[in-house]
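Survey of secondary and tertiary structure
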Amino acid sequence: MNGAILTSLILGSLAAMVPIALTSIGAVISERAGVVNIGYEGILMLSAFFGAIFAELANNGWIGLLGGALTGIIIGVIHGVITVYLKGDHVIPGIGINLIGYGGVAFGILAYWGTAGQHQVPSSAQIKPLWMNAFGNSLSPMVPITIAIAFIAWWVLFRTPFGLRIRAVGENPEAADALGINVELYRFTSVLIASALAGVAGAYLSVDWLGTVTKTIAAGRGFIALANMVFSGWNPIIALGGAFLFGFFDNFAIYIQNNPWLAGTIPWQFIATLPYVVTLIVVAGIIGRARPPKWDGRPYKRE
């Protein structure tokens, strides 16, 4: 493997890493506070759609990312109110978010742009690469930003009073409440942070990495992010490494598909399943070993 191919694979893997990493880091924060959300697939779908709309209206990809974050926050408010303040089940709202995401985006593409199933985002509304080499390989500015977010999230969770309180309300909310910590506020805030990060991840798909909106743009990445969160042991930095691993197999499938010799030797459809096969292997390998926060997914009702 020559240097150009290796560079292409690494840069492509870094690009594919971003949406999984951001969503995983958000999920780590939310579950560290004790709130489960399986609706990240739907958040990715909806934020990719609305992020593209914001980007095109402003003719600016960064505005698209803000639009994606706003979309995620709005969904997070709904999920947070149901799970934190109304003490509802944590899983059912996530299922609803996923169903709305897939159904709403498929309808929205046709209703807003008048095309069925797919819309190409104009290059003027996309985020410009941070760097590009002579072979056409580029590096998105979202790659170093994502890496920085992972380390900041780790530092906040494990080195600051704010992070300590987040972990406290997920491990023992009764003790945290007795110490005067507002359990509901910290849980709700964590949900919003997680949803905002997933919203940025979704918008990144449409206004940066893929440059298009499709009715299946999330392609299971929300569920892969959840598996990666468990794989990481609820640690943002390890989640970053896991996201790169999943991103590598995701990008490798694209590389096989675009390589005429390899495509004739190895069916690219088989390679395309690798991220999902790896997910299954990881989940199977950590079942019974990974320990989530003690109050993860459990509504806290003050006595």
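Data block above holds the structure.
Residues numbered from 1 in each chain as written. Predicted model: local features only at pLDDT ≥ 70, side-chain atom pairs only at ≥ 80, totals over all residues. Heavy atoms only, no water.

1. Quick look at the packing of helix α6 (residues 161-171) against helix α8 (residues 183-209)
- Where α6 meets α8, the closest approach of the two axes is 9 Å, and the angle between their N-to-C directions is 105 degrees. Judged by the angle between their axes, α6 and α8 are roughly perpendicular. Contacts between α6 and α8 involve Phe-162, Arg-165, Ile-166 and Val-169 from the first element and Val-183, Tyr-186, Arg-187, Thr-189 and Ser-190 from the second.
- By residue class, the composition of the contact of α6 with α8 is five nonpolar, two polar and two charged. (Axes fitted to C-alpha atoms, helices over the stretch in contact; angles between N-to-C directions. Helix = DSSP H or I, 4+ residues; strand = E, 2+ residues; numbered from the N terminus. Parallel < 35°, antiparallel > 145°, perpendicular 65-115°, else oblique. Contact = heavy atoms within 4.5 Å. Nonpolar A, V, L, I, M, F, W, Y, C, P; charged D, E, K, R; others polar.)

2. So, the packing of helix α1 (residues 3-32) against helix α9 (residues 221-231)
- For the pair α1 and α9, the least separation of the axes is 8 Å and the interaxial angle reads 55 degrees. One finds that α1 runs oblique with respect to α9. The two elements α1 and α9 meet at a crossing, and its hand is right-handed. Between α1 and α9, the contacting residues are Pro-19, Ile-20, Thr-23, Ser-24, Ala-27, Val-28 and Glu-31 on the first element and Arg-221, Ile-224, Ala-225, Leu-226, Asn-228 and Met-229 on the second.
- Here the residues of the contact of α1 with α9 are counted per class, giving eight nonpolar, three polar and two charged. (Left-handed = near helix turned anticlockwise from the far one by under 90°.)

3. Focus: the pattern of salt bridges
- One pass over the full model with this rule turns up three salt bridges.
- Glu-171 is paired through a salt bridge with Arg-291; the nearest N and O atoms lie 3.3 Å apart. Of this pair, Glu-171 sits in helix α6 while Arg-291 is found in the segment after α13 (274-286), placing the two residues 120 residues apart along the sequence.
- Overall, Glu-171 belongs to the partly exposed group, its relative accessible area being 22%.
- Judged by relative accessible area, Arg-291 falls into the exposed class, the value being 52%. (Salt bridge = Lys/Arg side-chain N within 4 Å of Asp/Glu carboxyl O. Buried < 20%, exposed > 50% of the residue type's maximum accessible area, 1.4 Å probe, protein only.)

4. Points about α6
- The set of residues buried in α6 consists of Gly-163, Ile-166, Val-169 and Gly-170. The buried residues of α6 occupy one face: seen down the axis, they fall within an arc of 130 degrees.
- Residues of α6 that are buried in the fold lie against α1, α5 (142-159), α7 (173-178) and α8. (Arc of directions from axis to C-beta.)

5. Focus on the environment of Leu-70
- Residue position: Leu-70 is located in helix α3 (residues 61-85).
- Owing to a relative accessible area of 41%, Leu-70 belongs among the partly exposed residues under this scheme.
- It is 9.0 Å that separates the C-alpha atoms of Leu-70 and Ser-195, two residues lying 125 residues apart in sequence.

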